[in-house]
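Each chain, letter by letter, is given below.
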Amino acid sequence: MSASPGFILILDRDLPATQRNRIKRRLESLGATVQFVSGGTHPVLEVFGDTLAISTLRPETWSGVARRVEFASPHPHVAWGAGRAALDDPTGAETARRPTVVALGGEGGTRRVEVGPESFTIMAGPCAVEEPEATVALARTLSEFGVEVFRAGIDKPRTSPYAFQGLGSVGLEALRSVREEVGLPVVTEILDVRHLGPLSEAVDLLQVGARNMQNFTLLEELGRCRVPVLLKRAYSATVREFLLAAEYILSGGNDAVILCERGLRSAAASEGVVLDIGAVAELRRTTHLPVILDPSHGGAKAYRVPTLAAAATASGCDGLLIEVHSDPEIALSDGQQALDVETFRVTLARVRAIRQALRD
Ligand code: PEP
Ligand code: MN
């Protein structure tokens, strides 16, 4: 029985390590997963798992334990407060309100990008790498426009098994060239947990697509690695399910997660999809993680993308993910929603003007 995600124990400030380890082992012997967190004013134990057996023991009364704080949230790692507050501020809430900034790139000559509330990150590129040289040329153009992260798929989750599935390792080579020759960090989708090794060495950010948002095996593996993750919301997931998916990654030890709203399916919506801009406000209230919006998949048609990009920018999110193709008419995937380069340039100028207006 798993009653709650757990609680944290704030230990006495100068508690010797031997005594702390004794407390930790005792909790572990009861089946809890226990993480020691240092660096704050007090040492802290985060206790996860079946808390029923432990709570009957009342560890808050044990010698060496100063205080016990319940996780008020079903997803304590992604939520504001709780364990985060305890890290350096057991009595106050300053840390609890500090948003996470996800840093990526900065290696192998790529530029370093920080995704969070102090910046507004534009990620753009074609749905898929199609022709390696054209991909590098497009990346160069986008870089000149000020795009900070190049996004292109090499393994595409296609509805039809007969549709273009991506170039795989050839596509990965093209992304390597983008990093080396253009200097942009790259993001691509991971479909299979077996690809984690090669992909995590070659890209700066791993995308988990909408269809894999609840691939819990994949999420757990991503929690164990140290590559930043772009987690897209499944098109039928509630915000709670979205946050619980992120919790899988953070609870494994990887807190470099960027959330991406990409539109919900609805038979009533025009083009069958509605970009849930209201989710930005909801996510801001519930999580410290950065949030970006994808007006391309949330738009489904290129003519709708500039409108949605403008609205998304005004929502106060931390960035956008936009599909761009040098010739959308011949794109092998998602051509109907890709912006051509000129429309992208104009859209970006509008996005920047809105950002500026928000700052003024
Ligand atoms: C994509 O980003 O190209 C993609 C397939 O997106 P989603 O997983 O949101 O459908
Ligand atoms: Mn796409």
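Anything mentioned here points back to the structure above.
Here the residue numbers are simple positions, counted from 1 along each chain's written sequence. Naming scheme: in the order in which they are written, chains are lettered from A and ligands are numbered from 1. This being a predicted model, a pLDDT of at least 70 is required before a residue's local features are given, and a value of 80 or more before pairs of side-chain atoms are given or counted; all residues contribute to the totals for chains, interfaces and linings. Heavy atoms from the whole structure form the basis of all side-chain values; hydrogens and water molecules are not counted.

K.L.:
Could you give me a rundown of the packing of helix α8 (residues 239-251) against helix α9 (residues 278-286), with the residues and numbers involved?
P.N.:
One way to put it is that α8 packs onto α9 with a least axis distance of 11 Å and a crossing angle of 50 degrees. With respect to each other, α8 and α9 are oriented oblique. Considering how the two elements wind past one another, α8 and α9 form a crossing that is right-handed. Contacts from V239, F242 and L243 of α8 reach α9 at A279, E282, L283 and T286. Classifying every residue of the contact of α8 with α9 gives five nonpolar, one polar and one charged. Convention adopted: a line fitted to C-alpha atoms gives each axis, helices being fitted over their contacting stretch, and angles between N-to-C directions are expressed from 0 to 180 degrees. Counting from the N terminus, the helices are the DSSP runs of H or I reaching at least four residues and the strands are the DSSP runs of E reaching at least two. Roughly parallel here means an angle under 35 degrees, roughly antiparallel means over 145, roughly perpendicular means 65 to 115, and every remaining angle is called oblique. Put simply, a crossing is left-handed when the front helix is turned counterclockwise from the back one by less than a right angle, and right-handed when it is turned clockwise. By definition, residues are in contact when any of their heavy atoms lie within 4.5 Å. Here the term charged refers only to Asp, Glu, Lys and Arg, the term nonpolar to Ala, Val, Leu, Ile, Met, Phe, Trp, Tyr, Cys and Pro, and the term polar to all other amino acids, Gly among them.

K.L.:
How would you summarise the pairing of strand β9 (residues 186-189) if you had to cite specific residues and measurements?
P.N.:
Across the two faces of β9 the burial is the same, with V186 and T188 and V187 and E189 all buried. Direction of pairing for β9 relative to strand β10 (residues 205-208): parallel, over a ladder of three bridges. Its bridge partner lying in β10, V187 is registered against L205. A clockwise course of the path from the first strand over the helix to the second, judged with the strands pointing away from the viewer, identifies a crossover as right-handed. For the crossover from β9 across helix α6 (residues 196-202) to β10, the handedness is right-handed. Buried means the residue's accessible area, taken with a 1.4 Å probe over protein chains only, is under 20% of the maximum for its type, while exposed means over 50%, and partly exposed covers the values in between. Whether two strands pair comes down to DSSP finding at least two bridges between them.

K.L.:
I'd love a proper account of the nonpolar core, names of residues and values included.
P.N.:
Core analysis: the largest hydrophobic core is formed by 63 residues, its most contacted members being F150, L222, L231, V257, L259, L320 and F344. With seven residues, α8 is the single largest residue contributor to this core. Other than its neighbours up to four places away in sequence, F344 contacts I122, A124, L142, F145, V147, I322, V324 and L339. Counting 14 residues, the second largest nonpolar core, distinct from the first, contains L104, M123, V149 and L230. Working definition of a nonpolar core: buried Ala, Val, Leu, Ile, Met, Phe, Trp, Tyr and Cys residues. They are joined through side-chain atoms within 4.5 Å.

K.L.:
Lay out the sheet that holds strand β4 (residues 65-70) with the relevant residues and their values.
P.N.:
Read from one edge of the open sheet, four strands run β2-β3-β1-β4, paired in antiparallel fashion. A strand with exactly one partner marks an edge of an open sheet, and here the two such strands are β2 (33-37) and β4. On average, each strand axis in the sheet is tilted by 20 degrees relative to the strand beside it, whichever way the strands run. Strand direction decides the pairing type here: strand β1 (residues 6-11) and strand β3 (residues 44-48), joined by five bridges, are antiparallel. Pairing of I8 across the sheet is with E46, part of β3.

K.L.:
Quick rundown of helix α10 (residues 305-314)? Include the residues and the values.
P.N.:
Helical geometry: 3.6 residues make up each α-helical turn, so side chains three or four residues apart lie on a common side. Among the ten residues of α10, seven are classified as buried, and the element is accordingly described as predominantly covered. Those residues of α10 that are buried are in contact with β15 (291-293), β16 (319-323) and α11 (341-359). Trailing α10 by a residue or two, G316 shows a phi angle of about 85 degrees, which is positive.

K.L.:
Can you explain the coordination of the manganese ion (ligand 2)? Please cite residues and give values.
P.N.:
Here a donor is any nitrogen, oxygen or sulfur atom (N, O, S) within 2.8 Å of the metal, with 3.2 Å used for Na, K and Ca; water is not among the atoms considered, so some sites may look incomplete. For the manganese ion (ligand 2), every protein donor is listed as C127 (SG), H297 (NE2), E323 (OE) and D334 (OD), and the spread of their distances is 2.1 to 2.4 Å. Mapping the donors of the manganese ion (ligand 2) onto the primary sequence yields the spacing C-x169-H-x25-E-x10-D. Note that C127 is positioned in the loop between β7 (121-125) and α4 (132-144) and E323 in strand β16, a separation of 196 residues in sequence. Each member of the pair, C127 as well as E323, carries the same accessibility label: buried.

K.L.:
Give a description of the site of ligand 1 that names residues and reports values.
P.N.:
One heavy atom suffices: a residue is near a molecule or strand as soon as one of its heavy atoms comes within 4 Å of it. Close to ligand 1 lie C127, R151, K156, Q207, G209, A210, R211, K232, R262, H297 and E323. One of the side-chain N or O atoms of R262 is found 2.6 Å from an oxygen atom in ligand 1. By the criterion applied in these results, polar contacts are pairs of N or O atoms within 3.5 Å in which, for protein atoms, one can donate a hydrogen and the other can accept it, and in which residues neighboring in sequence qualify only through two side-chain atoms. For ligand 1, an oxygen atom lies 3.2 Å from a polar atom in the side chain of E323. Protein chains bury 97% of the 290 Å² of accessible surface belonging to ligand 1 in isolation. In terms of residue class, the shell around ligand 1 is made up of two nonpolar, three polar and six charged. Reported accessibility uses the Shrake-Rupley method at a 1.4 Å probe radius. Residues are deemed covered only where the shown protein chains occlude them.

Shape descriptors only; they carry no functional weight alone.
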